[in-house]
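Results of the structural survey
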Amino acid sequence: MKKSAMLLALALVVSFAFLAGGAFAAEKSYSWKVAHIRPANSEIDKEMNWFAEEMKKATNGRVDIKIYGANQLGDYTVVQEKIGIGSVEMGIMSAATNVDKKLLAFTLQYVVPTYELAKKNYSSGAPFANYVAKLYEKQGIKVLAYWPVYFGGIGLLKEPAEPLNPTSQKNLKVRVPTMKTWETLANTFGYQATPLPFAEFFTAAQTGIVDGIFGGGAENYHVSFQDLMKCYIAANTHFECWPFTINLALYESLSEADRKILDAKAKELEERRWAKAVTDQDHYVDLMEKAGTKVYRPTEAQLKEFAKIGREVSWAEFKKVIGEKAYNEITATFVLE
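Residues numbered from 1 in each chain as written. Predicted model: local features only at pLDDT ≥ 70, side-chain atom pairs only at ≥ 80, totals over all residues. Heavy atoms only, no water.

From N to C terminus, the protein includes 12 helices and 11 strands. Taken across its 337 residues, the protein has 52% of its residues classed as buried. Counting only contacts in the protein whose residues sit at least 6 apart along the sequence, the fraction spanning at least 24 positions is 74%. Carbon and sulfur atoms make up 56% of the accessible area of the protein, which amounts to about 15,500 Å² in all. (Helix = DSSP H or I, 4+ residues; strand = E, 2+ residues; numbered from the N terminus. Buried < 20%, exposed > 50% of the residue type's maximum accessible area, 1.4 Å probe, protein only. Contact = heavy atoms within 4.5 Å. Areas by Shrake-Rupley, 256 points an atom, 1.4 Å probe, with all protein chains shown as cover.)

Structure, rendered in C-alpha cells:
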C-alpha cells in the first residue's frame with residue numbers, strides 16, 4: 001500500500017509539473033523592437049504606439065514592444081534583413097528589393113488610380129498582397145498586415161517648366177530610389193534621375209547634387225523636408241503601402257493564443273488605417289500648401305496622361321528586371337478595374 005501511495009503521489013507531482021510547465025509556456029513574456037522610418041509623432045509613430053499599448057493590455061503586460069522610428073535601427077533595406085535573421089523582431093516600412101527584385105512590384109508605378117482599387121490589391125487577403133506575403137516568407141519574414149500610406153508625388157526644390165506636362169524637359173536633377181523602374185520613370189517625365197538611398201537625400205539637396213525627389217508623397221516630404229520643398233506635383237506616381245512584418249520563426253514559436261492576439265491587433269491596425277488614409281493624404285497636401293509649397297493638382301485627364309506614360313515605361317522596365325515569367329505571375333494578381 002505504501003508503495004502504491006508513493007507511486008500515486010509521484011504521478012500527481014509529475015502531472016502538476018506538466019500542467020505548470022504548460023501554463024508557464026502560455027504565459028511567456030516578450031520584449032520586441034519594432035522599426036519604422038518616420039519621425040516621432042508622425043502618423044505611423046502614433047499608430048505603432050497605439051499598437052504597442054494594445055498588445056500590452058491584451059497580454060497583461062507580457063508583450064512589451066519598444067518603438068524605434070526615424071531609421072534608428074538602420075534604413076528600411078537593412079532593417080528588412082535584420083527582421084529576416086531575427087536581430088530586429090518587427091518592422092513597418094517600404095519593401096526592400098535588394099534580396100528579391102520581385103518586391104519591386106510593391107512600389108511599382110501607376111498600378112491603381114484610386115483608393116478603392118488600391119484596397120483590392122494592397123490589403124490583407126487580396127491576391128497581390130498574398131503573393132507579396134509569400135515573397136517575404138522566403139526571407140524568413142511573416143507579413144501581419146498592410147498599412148496604406150498615400151499616393152506618391154514629386155517634391156522639388158525649384159519650380160520646373162511645365163510641371164503638369166509629363167514629357168517636357170524640366171532640367172532638374174531628382175533623387176530616385178535605387179531601382180531601375182524609378183530611374184526610367186523620372187527620366188521619361190523630363191527630369192535627370194539620380195539614384196540615391198532615401199537617407200542621403202537631405203544632404204544631396206543641401207549641397208546641390210539634386211533638385212528634388214521621387215519615391216515619396218506629401219506626408220513624407222512635409223514631415224521630413226518641409227523647409228526644402230518649394231513645389232509639389234500630386235502626380236500619383238505610385239501607391240505607397242507598408243507591410244507590417246515580424247520574424248517568421250518568432251511568429252511560429254508563439255502560442256496559439258498569442259498568435260491570435262497578434263493577428264487580431266494587426267488586422268485592427270490595418271482597418272484603422274484604411275479608414276483614415278484618404279483624408280490624411282489630402283490633409284498633408286494642404287499642410288504643404290499652407291507652409292508655402294506651391295502645389296500642383298493635376299486634373300483627372302492630366303492624371304490619366306501621367307499614368308498612361310508612366311505605366312508604359314516603368315512596367316516595361318520592371319519586366320526586364322524580373323523576367324517575363326515572374327512579370328506575368330505578378331501582374332496576373334492585379335485587380336485593375
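Moving on from the model shown.
So, on to the packing of helix α11 (residues 300-322) against helix α12 (residues 324-331). Helix-helix packing: each pair is described by the crossing angle between the helix axes and the interaxial distance. It is the contact of α11 with α12, at a shortest axis distance of 7 Å, that shows an interaxial angle of 125°. Taken together, the axes of α11 and α12 are oblique relative to one another. On α12, the residues touching Trp315, Phe318, Lys319 and Ile322 of α11 are Glu324, Ala326, Tyr327, Ile330 and Thr331. (Axes fitted to C-alpha atoms, helices over the stretch in contact; angles between N-to-C directions. Parallel < 35°, antiparallel > 145°, perpendicular 65-115°, else oblique.)

Taken in spatial order, the 5 strands make up an open sheet running β2-β1-β3-β10-β4, and their pairing is mixed. Two strands lie at the open edges of the sheet, namely β2 (63-68) and β4 (141-151), each paired on one side alone. Direction aside, neighbouring strands of the sheet carry axes that sit 20° apart on average. Pairing analysis gives 9 bridges linking β4 to strand β10 (residues 239-247), with the strands arranged antiparallel. When the bridges of β10 are listed, valine 143 appears paired with threonine 245. Against the sheet, helix α5 (residues 127-137) makes contact with β4 and β10, and its axis sits at roughly 130° relative to β4, the strand it touches most. (Pairing = 2+ DSSP bridges.)

Further remarks concern the nonpolar core. Formed by 91 residues in total, the largest nonpolar core has its most connected members in Trp32, Phe51, Met90, Tyr122, Phe214, Phe244 and Leu262. The element that contributes the greatest number of residues to this core is β4, accounting for 9 residues. If sequence neighbours within four positions are ignored, tryptophan 32 has contacts with Val63, Asp64, Ile65, Lys66, Glu89, Met90, Ile246, Leu250, Leu254 and Leu262. Grouped together as the second largest cluster of nonpolar side chains are 19 residues, Phe198, Val210, Ala234 and Val285 included. (Core = buried A, V, L, I, M, F, W, Y, C linked by side-chain atoms within 4.5 Å.)

Per the stated rule, a full pass over the model turns up 4 cavities of 30 Å³ or more. If you add up the space inside the largest cavity, you get close to 230 Å³. What lines the largest cavity is a set of 19 residues, and nearest its centre among them are Tyr76, Ser94, Phe198, Gly215 and Glu240. The class makeup of the residues in the lining of the largest cavity is 8 nonpolar, 7 polar and 4 charged. If you trace the second largest cavity, you find it lined by Gln80, Ile83, Gly91, Ile92, Met93, Ser94, Tyr136, Ile141, Pro243 and Thr245. (1 Å grid on protein atoms, 1.4 Å probe; cavity = no way out; pocket = protein on both sides within 12 Å on 5 of 7 lines; lining within 4 Å. Points joined across faces, edges and corners; volume = space filled by probe spheres on them. Nonpolar A, V, L, I, M, F, W, Y, C, P; charged D, E, K, R; others polar.)

Glancing now at the pattern of salt bridges. Pairing between side chains becomes possible if they bear opposite charge and their charged atoms approach one another. Here the structure, examined in full by the defined rule, presents 22 salt bridges. Taking the shortest distance from any N to any O, the salt bridge between arginine 273 and aspartate 280 comes out at 2.7 Å. Judged by its relative accessible area of 4%, arginine 273 is buried. Taken together, the shared-partner salt bridges connect Glu43, Arg273, Lys276 and Asp280 into one network. (Salt bridge = Lys/Arg side-chain N within 4 Å of Asp/Glu carboxyl O.)

Within the fold, alanine 145 resides in strand β4. As a C-alpha pair, alanine 145 and alanine 161 span 16 residues in sequence and 41 Å in three-dimensional space. Look past the residues within four positions of alanine 145 in its chain and what remains in contact with it is Ser124, Trp242, Pro243, Phe244, Ala266 and Glu270.

Strands sit in the order β7-β6-β8-β5-β9-β11 across an open sheet of 6 strands; the sheet is mixed. Edge positions in the open sheet fall to β7 (192-195) and β11 (294-296), since each of these has one partner strand only. Averaged over all adjacent pairs, the angle separating strand axes in this sheet is 25°, with direction ignored. Note: strand β6 (residues 173-176) against β7, 4 bridges, orientation parallel. By the bridge assignment for β7, arginine 175 is matched with threonine 194. Here helix α8 (residues 218-225) sits on the sheet in contact with β5 (153-156), β8 (212-216) and β9 (231-233), set at roughly 130° to β8.

Moving on: the packing of aromatic side chains. Taken as a whole and judged by the stated rule, the model has 22 aromatic pairs. With a centroid separation of 5.6 Å and an interplanar angle of 15°, the aromatic rings of tryptophan 147 and tryptophan 242 are classed as stacked. Taken as a pair, tryptophan 147 in strand β4 and tryptophan 242 in strand β10 lie far apart in primary sequence, 95 residues in all. Residue classification places tryptophan 147 among the buried residues on the basis of a relative accessible area of 3%. Classification of tryptophan 242 as buried rests on a relative accessible area of 1%. The interplanar angle of 85° and the centroid separation of 5.2 Å between the aromatic rings of phenylalanine 189 and phenylalanine 306 together place this pair among those described as edge-to-face. (Phe/Tyr/Trp six-rings, centres within 6.5 Å; stacked < 30°, edge-to-face > 60°.)

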